[in-house]
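This is what each chain is made of:
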Amino acid sequence: FCHPLSAQENADPRRLTASITGRIIWDGQDLSHANVSVYRDDKLRELYMSGIPKLGDGQFTLDVEPGQYYLAAYVDVNKSGNFDAGDGLGIFGITEWDDKDQKYQIVRVDNRETVREIEIPITGRATLTDGKFNIIPASQYQPTEFQKFQADLRTATSGCSGTLSLAL
């Protein structure tokens, strides 16, 4: 259920004897450009593995080494290939982005074990405010006029092919 994008250099495929399955949740949003990342540290700096759900519905399965991990997901809303303004972010254990009492939740998996039904809700959105990149609660996010135009254009041209010419 996941295409691996990258993995730690010393991750020997023969040691990938455990797995983590779950889904990314973001009601009403297109999850075809979602990504799940697995980290070894709670600061989310030691990327262990990253993958894209194959079916585009947010369902994922990742083969990992036995150990403990932190999971994060992002959705590339504008399909730019980068995590940028407007994109959604979720971290396993965080159900309300602005609740400071919530902590990232660790996932422990043993040899030949599958940890199932992990749910990662998208609770944050990336914004660019005064030239500074921030993550705010998804409920507080307001797209720019240009982002609204892009979304409307994608919807209007969905399933269409050809050339678009704009004239005054």
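Asker: Looking at this structure, how should I read the pattern of salt bridges?
Answerer: A pair can form between side chains of opposite charge whenever their charged atoms are brought close. Tallying each qualifying case throughout the model produces 4 salt bridges. Across the pair Arg-15 and Glu-65 runs a salt bridge whose closest N-O atoms are separated by 2.9 Å. Taken as a pair, Arg-15 in the loop between strand E1 (2-7) and strand E2 (18-25) and Glu-65 in the loop between strand E5 (59-64) and strand E6 (67-75) lie far apart in primary sequence, 50 residues in all. Among the salt bridges present, the one from Lys-79 reaches Asp-30, with a minimum N-O distance of 3.4 Å. Taken together, the residues span a long stretch of sequence, with Lys-79 in the loop between E6 and strand E7 (88-91) and Asp-30 in the loop between E2 and strand E3 (34-39) at a distance of 49 residues.

Asker: Would you mind showing me how to read the nonpolar core here?
Answerer: Most often, soluble globular proteins keep nonpolar side chains buried together rather than apart. Ranked by size, the top nonpolar core spans 24 residues in total, and within it Ile-20, Ile-24, Phe-60, Val-64, Leu-71, Ile-118 and Ile-120 carry the most contacts. In this structure, Leu-71 is in contact with Ile-20, Ser-37, Val-38, Gly-90, Ile-91, Phe-92, Val-107, Ile-118 and Ile-120, ignoring residues within four places of it in sequence. By size, the runner-up hydrophobic cluster in this structure holds 6 residues, among which are Tyr-39, Leu-44, Tyr-70 and Ile-91.

Asker: Is there a simple way to explain the layout of surface pockets in this structure?
Answerer: The method is simple in principle: a probe with the dimensions of a water molecule rolls over the atoms, and the space it marks as empty is what remains. Here the largest pocket is characterised by a volume of approximately 250 Å³. Breaking the lining of the largest pocket down by element, the ones donating at least two residues are E3, E6 and E7.

Asker: Explanation requested: the pairing of E7 in the structure shown.
Answerer: Consecutive side chains of a regular strand alternate in pointing toward one face of the sheet and then the other. Covered by surrounding structure in E7 are Gly-88 and Gly-90 together with Leu-89 and Ile-91, the residues of both alternating faces. Pairing between E7 and strand E10 (residues 124-129): 2 bridges, direction antiparallel. Note that in E10 the partner of Gly-88 across the bridge is Arg-125.

Asker: Help me understand the pairing of E10, please; the structure alone is not making it clear to me.
Answerer: Taken together, the 6 bridges between E10 and strand E11 (residues 132-137) define a ladder with antiparallel strand orientation. Along E11, the bridge assignment pairs Leu-128 with Phe-133. The turn joining E10 and E11, which pair antiparallel and follow one another in sequence, is formed by 2 residues; a positive phi near 50° is taken by Asp-130.

Asker: Quick question: what am I supposed to make of the side chain of Arg-125 here?
Answerer: Considering the arrangement of structural elements, one finds Arg-125 in strand E10. For the buried Arg-125, no salt bridge exists, and the shortest N-O distance to an oppositely charged side chain is 6.7 Å, to Asp-87. Of note is the side chain of Arg-125, whose polar atom sits 2.7 Å from the backbone oxygen of Gly-86. Those residues in contact with Arg-125, other than ones at most four positions away along the chain, are Trp-26, Val-77, Gly-86, Asp-87, Gly-88, Asn-134, Ile-135, Ile-136, Ala-138 and Tyr-141.

Rules used in this analysis
Residues numbered from 1 in each chain as written. Predicted model: local features only at pLDDT ≥ 70, side-chain atom pairs only at ≥ 80, totals over all residues. Heavy atoms only, no water. Salt bridge = Lys/Arg side-chain N within 4 Å of Asp/Glu carboxyl O. Helix = DSSP H or I, 4+ residues; strand = E, 2+ residues; numbered from the N terminus. Core = buried A, V, L, I, M, F, W, Y, C linked by side-chain atoms within 4.5 Å. Buried < 20%, exposed > 50% of the residue type's maximum accessible area, 1.4 Å probe, protein only. Contact = heavy atoms within 4.5 Å. 1 Å grid on protein atoms, 1.4 Å probe; cavity = no way out; pocket = protein on both sides within 12 Å on 5 of 7 lines; lining within 4 Å. Points joined across faces, edges and corners; volume = space filled by probe spheres on them. Pairing = 2+ DSSP bridges. Lys, Arg positive; Asp, Glu negative; His and termini not counted. Polar contact = N/O pair within 3.5 Å; in protein donor to acceptor, adjacent residues only side chain to side chain.

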